[in-house]
Amino acid sequence: MPERKESMITQLLSIGENTTSHVEKLISGLGAMLSLLSVYYVSHLYLGEQSGALMVASMGATAVLLFAVPHGALSQPWAVLAGHLISGTIGVACQQLLPDNPLTPALAVGLAVAAMHYCRCIHPPGGATALTAVIGGDAVHALGFTYLLTPVLINLVCMLSVACLFNGLFSWRRYPAVLSVRPVTKQTQGKNRQSSMLSHEDLAAAMEQVNSYVDVTSEELAELFDLAVEHATKSAQKDFEISVGCYYSNGLLGDRWAVREVLDGPDVIRSARDCLVFKTVAGAGSYETGSCTLAEFLEWAGFPVEFSNERWVRSH
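Just so we're clear, the structure is a prediction, and the values are computed from it rather than from any experiment.

Thresholds applied
- Residues numbered from 1 in each chain as written.
- Predicted model: local features only at pLDDT ≥ 70, side-chain atom pairs only at ≥ 80, totals over all residues.
- Heavy atoms only, no water.
- Helix = DSSP H or I, 4+ residues; strand = E, 2+ residues; numbered from the N terminus.
- Buried < 20%, exposed > 50% of the residue type's maximum accessible area, 1.4 Å probe, protein only.
- Contact = heavy atoms within 4.5 Å.
- Pairing = 2+ DSSP bridges.

Undergrad: Can you break down the side chain of Thr104 residue by residue, with the values?
TA: Within the secondary structure, Thr104 sits in helix α5 (residues 104–118). Judged by relative accessible area, Thr104 falls into the buried class, the value being 0%. Residues in contact with Thr104, not counting those within four places in the same chain, are Cys94, Gln95, Leu98 and Val134.

Undergrad: Requested: an account of the pairing of strand β3 (residues 275–283), with residues and values cited.
TA: Examined bridge by bridge, strand β2 (residues 258–264) and β3 share 6 bridges and lie antiparallel to one another. In the strand pairing of β3, Glu261 is matched with Lys279. The pairing of β3 with strand β4 (residues 289–293) spans 5 bridges and is classified as antiparallel. Across the sheet, Leu276 pairs through a bridge with Cys292, a residue of β4.

Undergrad: Which residues make up unusual backbone geometry, and what values do they have?
TA: Cis geometry is found at the peptide bond from Thr150 to Pro151, where omega equals 20°. Mapped onto the elements, Pro151 comes out in helix α8 (residues 149–167). Positive phi, close to 60°, is recorded for Asp100, a residue that is not glycine. Position of Asp100 among the secondary structure elements: in the loop between α4 (77–97) and α5. Backbone geometry at Arg120 places phi at a positive 55°, although glycine is not the residue there.

What follows is the structure, encoded as structure tokens:
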């Protein structure tokens with residue numbers, strides 16, 4: 001099995017894992033394409049030959065959120081609608097109050113970010129909508145606050161309509177997120193989250209302590225936690241063998257998590273005193289090598305793992 005290599009550059013750039021399937025990736029791309037086609041043709045219907053010029057560029061970024069992460073907190077209808085319209089209002093106001101001032105673009109975006117925070121509608125493309133109102137040129141400036149209706153609102157109605165219709169074809173990615181339906185297994189159906197000692201309120205409190213905007217809802221975290229507990233229950237292994245060339249995780253979380261590969265040892269590893277040579281291939285202490293007895297390695301190891309679809313998973 002190929003070793004997962006994490007260079008310092010990869011860690012600094014925070015290149016994360018991508019756990020979505022190829023089908024999901026293609027669905028996302030197709031949805032984004034259809035949404036922008038709808039924006040163009042509807043704009044062309046109402047605005048004629050000016051439709052291309054008045055298609056707000058920030059809608060391209062909105063398409064990424066609506067179809068690549070349809071259940072993200074930044075992608076939900078309130079964030080999309082209010083994020084664009086509030087930011088656009090601020091952008092137009094700044095341009096009218098401080099026309100041709102070199103500070104106006106920065107002021108418009110800064111105020112838009114703060115307003116989206118307070119209005120609970122953070123949507124990154126909204127910053128671009130505010131910026132376009134300032135640097136969009138004479139054609140945009142001439143629109144004044146009409147810019148919010150044509151083209152911004154028309155663009156948004158098209159985008160959200162396609163997001164609802166297209167994502168609605170797939171039960172696991174229906175939009176808005178509240179409409180999504182996940183498969184219910186027997187384990188999930190009979191499970192009581194209280195047995196895991198964590199509740200919805202605990203997850204919400206943890207998010208508050210982070211004191212930074214997290215693009216995930218507490219409901220999604222609760223679902224992820226339930227699925228993780230279910231997976232751990234189904235995959236629980238009391239006993240496993242240690243073999244040369246295999247990978248093992250310590251089963252911990254956060255900065256303490258690590259995966260080791262057993263590089264060398266006896267052909268048949270049985271005795272607690274057998275000496276093993278290992279290398280940490282992921283997580284804490286990456287690239288470090290060491291040696292220990294079988295007993296010490298078993299005390300460290302939680303379960304065997306393998307690298308599949310760009311992530312470490314329990315071995316079957």
